[in-house]
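# Analysis of the macromolecular model
Listed here are the chains, written in short residue letters.
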Amino acid sequence: MSRENKIMSLREMVQNFVPDQSRIYLEGLLVNRLPMAAVHEIIRSKCHQLRIVSAPNGLAVDQLVGAGCVTEVEFYFLGFMTEQGFASMQRFRTAAETGTIRVKESMGYAIVMALRAGAYGIPFIPLPDFRGSDLLSIRTDYREIPSPYNTNDIVITVPALRPDVLLLHAHSADERGNIFLDEPWPNFTLTTAQACQKVLVTVEEIVEPGSLPVHRITIPHFLVDAIALVPYGATPTALNQRYEVHANHIAGYQDAAKTEEGFDKFLEEFILSCFNQRDFVKKIGLPPSWTRTQSSNK
Amino acid sequence: MEEYTSTEMMAVCGANAVRDGERVFAGTGLPVLGAMLAKVTHAPNAIIIYEGGNVDTQNKDLALSVADSRLGYRAAASIGLIETLGFLMMGGRVDVGFLGAAQIDEYGNINTSYIGDFDSPKVRLPGSGGGNDIASSAGRIILMFTHDARKFVKKLDYLTSPGHLSGPGSREKLGLIGGGPALVVTDKCQMDFDPNTKKIRLKSVHPGVTVDWVNENVMFDLIIPGKVPTTPEPTKEYLDKLHQLDPQGIYLGKGQK
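Computed from a prediction, not measured in an experiment: that's the story for all the values here. (Residues numbered from 1 in each chain as written. Chains lettered and ligands numbered in written order. Predicted model: local features only at pLDDT ≥ 70, side-chain atom pairs only at ≥ 80, totals over all residues. Heavy atoms only, no water.)

## Section: the pairing of strand E10 (residues 165–173) of chain A
Residues and elements named next belong to chain A. Of all nine residues that make up E10, nine are buried, and the element is covered over most of its length. Two elements, strand E1 (residues 23–26) and E10, share three bridges in a ladder whose sense is parallel. The partner of Leu26 across the bridge, within E10, is Leu167. Examined bridge by bridge, E10 and strand E12 (residues 198–206) share eight bridges and lie parallel to one another. Residue pairing in the sheet places His169 in a bridge with Thr202 of E12. Relative to strand E11 (residues 179–180), E10 runs antiparallel, the two sharing two bridges. Of the residues in E11, the one forming a bridge with Ser172 is Phe180. Connecting E10 to the next strand, E11, in antiparallel fashion are five residues, including Gly177 with a positive phi near 110 degrees. (Buried < 20%, exposed > 50% of the residue type's maximum accessible area, 1.4 Å probe, protein only. Helix = DSSP H or I, 4+ residues; strand = E, 2+ residues; numbered from the N terminus. Pairing = 2+ DSSP bridges.)

## Focus on the interface of chain A and chain B
Each partner contributes to the interface: chain A provides 44 residues, whereas chain B provides 53 residues. Counting each side, the surface lost to burial between chain A and chain B is near 4,300 Å², with a carbon and sulfur contribution of 57%. At the boundary of chain A and chain B, one finds one salt bridge. Among the ionic pairs, Arg124(B) bridges to Glu105(A), the shortest N-O distance being 2.8 Å. On the surface where chain A and chain B come into contact, there are 12 residue pairs in polar contact (both at pLDDT 80 or more). Those elements that place two or more of their residues in the side of chain A that touches chain B are strand E4 (80–82), helix H4 (90–98), strand E6 (102–105), helix H5 (108–120), helix H6 (135–138) and helix H7 (187–195) of chain A. A per-class count over the side of chain A that touches chain B returns 22 nonpolar, 12 polar and 10 charged. (Contact = heavy atoms within 4.5 Å. Buried area = accessible area lost by both parts, 1.4 Å probe. Salt bridge = Lys/Arg side-chain N within 4 Å of Asp/Glu carboxyl O. Polar contact = N/O pair within 3.5 Å; in protein donor to acceptor, adjacent residues only side chain to side chain. Nonpolar A, V, L, I, M, F, W, Y, C, P; charged D, E, K, R; others polar.)

## Observations concerning the packing of H5(A) against H7(A)
Residues and elements named next belong to chain A. Packing of H5 against H7 leaves a shortest axis separation of 7 Å and a crossing angle of 55 degrees. Of the possible angle classes, the one that applies to H5 and H7 is oblique. Along this stretch, H5 crosses H7, giving a crossing that reads as left-handed. Seen from H5, the contacting residues are Val112, Leu115, Arg116, Gly118, Ala119 and Tyr120; seen from H7, they are Phe188, Thr191, Thr192, Gln194 and Ala195. Looking at the contact of H5 with H7 residue by residue, the class counts come to six nonpolar, four polar and one charged. (Axes fitted to C-alpha atoms, helices over the stretch in contact; angles between N-to-C directions. Parallel < 35°, antiparallel > 145°, perpendicular 65-115°, else oblique. Left-handed = near helix turned anticlockwise from the far one by under 90°.)

## Considering the nonpolar core
If you look at the biggest cluster of nonpolar residues, it comprises 175 residues, and the most contacted ones within it are Val73(A), Phe92(A) and Met191(B). The element best represented in this core is H5(A), accounting for nine residues. Excluding anything up to four places from it in sequence, Val73(A) contacts Ile52(A), Val61(A), Val65(A), Leu78(A), Phe92(A), Ile101(A), Arg102(A), Val103(A) and Lys104(A). With five residues, the next largest nonpolar core counts Val153(B), Leu156(B), Leu165(B) and Leu176(B) among its residues. (Core = buried A, V, L, I, M, F, W, Y, C linked by side-chain atoms within 4.5 Å.)

As structure tokens, then:
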């Protein structure tokens, strides 16, 4: 049975639930709501040989790869726009180009559907199309098979994804583990939580038990294994309604990550020498607070 | 005559390719500026869809990513990735999709994955994202990228997203529901696709660019019709609206000609 109180420190969460060689799914998208505090704690805890499955979360993947925590990255897009232009993921690129990590190329909908299959206990799932690209020549686990219903139709199948661990940063949780994500499009996040075997969530705030009405529960407690209270847990990425992207810090990171030496210096200064996220945020300064809301968006 | 940059020209060409009432799937950068420009000019009923989940967005502030919550402002729906890529895109409910490319071949097949060998790539690129999904299933594709001869290759290092594959009938044979690439917009010219061969054909050259220059800056045999028109210059109305959409020059640049 699940414990009634799932709140613990982020350090305990990582030590208890992220053993070496775990396959981790990173939630968030581009520069929105990445589980950055958890990523930094994984780096501090010196986790090794992690296999990452990622939404387009370039910044998190780049730092984990640069810190030597990763052996495999399964992804469909890594990179993001900033006001300085397109940011390509330089530690990831170097590792991919020199072969120090295994790269599993995929596509958006293939990963989405593989997670859906994982969530619903289906061993594999057919996709409506996708043929014509070179993906099938490098992903031998993606197959072309005749439809069992009309053998003239060929469908692509992808195997279900059941990552070991989901890392997610959210707005609120109660101690049982009910999660509220204050975003207009949380449905895919629920699918990832259903697909992953352990669901680890850092949150901005812990709310009173029973204070989240059912329509504000994005992920129900019985899917959640551990909660850690980490204000600014997505910084330097943004969190809807709370804070903006910490653009200066990201620009500084992009600059540092151009070289291994630069990255190592960054790692020491902003991750290893910080005790926790609070320390990190103190060092880089608070991100700009959320100024645009749905109603006052100019 | 208005002054304009080649980046502004690209955004306006992108806008002109969108028709009123169409459902448009746009990625961040120039494509989304083009789609937004179309919506504030000749295509007020265009519906802009972002992979991140928002549909029929009315955002006033420019979005920095397809998951930017600026896009929630007065959107008609916020339905998430499964629905945008699945229900809308794969379900054949999108009229036009915008894509970029690091390499393109003469059939409009594109590479956004890597340059060199897969096992030891010279350049690891960002990857497909929703690119393959869009290229497979959108009604038609508009490709936008800056012109560089090294991008127009005879053979791709990797085919990320299908164009017209190996010519007429090849998309249909694989059951791809989308119509494939219809237009290529660069900072030098526009290209479309010859209906008989499905190969890239020069459509117009931007003012100040010669047909010879374009021909020398592609690495395959480009179809060049007898008469190649000059792309019409952007109007003041379109340029003004463009700057209202991107007042800080995030995508348009800071005004370099």
